[in-house]
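Summary of the model geometry
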Amino acid sequence: MSQETVLLHLCCGPCAIVPVQSLQEQGLKVIGLFYNPNIHPLQEYLRRRKAVSQAAERLSIDVIYKDDEYDPEHYFRQVAFRENNRCLLCYQLRLERTLSIAKRGRFTFFSTTLLYSKQQKHESVAGLARDMAGNGRVRFLDQDFRPGWHEGIKTSQEWGLYRQQYCGCIYSEVERYQSELRKLI
């Protein structure tokens with residue numbers, strides 16, 4: 001019997017550590033997917049991509065990089081005039097792509113490291129992915145990786161991985177640094 005496989009969407013290197021280790025401990029073969037057209041600017045995307053590569057090497061996993069699909073304009077078109085729902089739309093964009101590749105690649109499961117972050121809307125991510133999977137051949141692996149939050153942070157610091165200060169989109173960057181602007185006014 002062959003080993004079950006999971007295509008794991010990776011938002012960044014630090015967030016990959018605990019989910020990958022957890023899935024490997026469960027006997028699953030993990031392949032990463034770095035598809036994040038929401039990350040802005042390009043320099044931030046490149047820093048996160050490098051951290052994913054470094055984490056993948058330490059975790060001994062292969063990663064599919066969809067650099068040819070890095071298209072922030074597509075992300076902006078999806079969220080324009082719907083900024084209040086941008087997180088759900090962003091989750092949808094990335095999960096749809098992950099599921100599509102998982103189906104073509106004949107994976108058993110798909111999941112995402114967004115389920116690790118305490119900053120993300122866990123139930124929205126999981127609910128959306130469950131709906132997308134439906135009763136299809138590729139199942140959504142619904143696992144709450146948040147209990148390993150502090151362990152993942154510590155490990156990423158020990159490994160010297162780049163740790164970002166905002167989720168990735170320009171809207172979250174503005175929200176993250178808005179207080180600094182207010183101090184100047």
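With respect to the overall build of the chain
Broken down by element type, the chain carries 7 helices and 5 strands. Ordering the α and β elements of the chain from the N terminus gives β-α-β-α-β-α-α-β-α-β-α-α. On C-alpha atoms alone, the chain measures out to a radius of gyration of 16 Å, which is about the 16 Å that the 2.2 N^0.38 rule sets for 185 residues. In terms of principal-axis extent, the alpha carbons of the chain reach across some 65 × 40 × 30 Å.

Re the layout of surface pockets
Its volume calculated, the largest pocket comes out at about 570 Å³. Along the wall of the largest pocket there are 28 residues; nearest its centre are Ser117, Gln119, Gln120, Tyr166 and Cys167. Of all the secondary structure elements, the ones that give two or more residues to the lining of the largest pocket are α1 (13–25), α4 (86–104) and α7 (170–184). No other element matches α4, which puts 4 residues into the lining of the largest pocket. Class assignment of the residues belonging to the lining of the largest pocket gives a composition of 12 nonpolar, 8 polar and 8 charged.

Notes on empty space enclosed by the protein
Tallied over the entire structure, the rule returns 1 cavity of 30 Å³ or more. By volume, the largest cavity is sized at about 50 Å³. Lining the largest cavity are Tyr75, Arg86, Cys87, Cys90, Tyr91, Arg94, Gln120, Cys167 and Cys169. When residues in the lining of the largest cavity are grouped by element, the largest group, 5 residues, is from α4. A class-by-class count of the residues in the lining of the largest cavity yields 6 nonpolar, 1 polar and 2 charged.

Things to note about a nonpolar patch on the surface
On the surface, a nonpolar cluster with roughly 390 Å² of combined accessible area is contributed by Leu181, Leu184 and Ile185. The topology assignment puts Leu181 in helix α7.

Points about the packing of aromatic side chains
Applying the stated criterion across every chain yields a total of 6 aromatic pairs. Taking 5.2 Å as the distance between ring centres and 35 degrees as the angle between the ring planes, the aromatic pair formed by Tyr116 and Trp149 counts as tilted. Separated by 33 residues along the polypeptide, Tyr116 in the loop between β4 (109–112) and α5 (122–133) and Trp149 in helix α6 (residues 149–159) bring together distant segments of the chain. Accessibility assignment for this pair places Tyr116 and Trp149 in one class, buried.

A few points about the environment of Val30
Here Val30 lies in strand β2 (residues 29–34). Look at Val30 and you get buried, because its relative accessible area is 5%. Separated by 137 residues in the primary sequence, Val30 and Cys167 have C-alpha atoms spaced 23 Å apart. Aside from chain neighbours lying at most four places away, what touches Val30 is Val6, Leu8, Val20, Leu23, Gln24, Ile61 and Asp62.

What counts, and at which threshold
Residues numbered from 1 in each chain as written. Predicted model: local features only at pLDDT ≥ 70, side-chain atom pairs only at ≥ 80, totals over all residues. Heavy atoms only, no water. Helix = DSSP H or I, 4+ residues; strand = E, 2+ residues; numbered from the N terminus. Rg over C-alpha atoms; globule rule 2.2 N^0.38 Å. 1 Å grid on protein atoms, 1.4 Å probe; cavity = no way out; pocket = protein on both sides within 12 Å on 5 of 7 lines; lining within 4 Å. Points joined across faces, edges and corners; volume = space filled by probe spheres on them. Nonpolar A, V, L, I, M, F, W, Y, C, P; charged D, E, K, R; others polar. Patch = residues over 30% accessible without salt bridge, like charges linked within 9 Å, V, L, I, M, F, W, Y side chains within 5 Å. Areas by Shrake-Rupley, 256 points an atom, 1.4 Å probe, with all protein chains shown as cover. Salt bridge = Lys/Arg side-chain N within 4 Å of Asp/Glu carboxyl O. Phe/Tyr/Trp six-rings, centres within 6.5 Å; stacked < 30°, edge-to-face > 60°. Buried < 20%, exposed > 50% of the residue type's maximum accessible area, 1.4 Å probe, protein only. Contact = heavy atoms within 4.5 Å.

These values are about where atoms sit, not about what they do.
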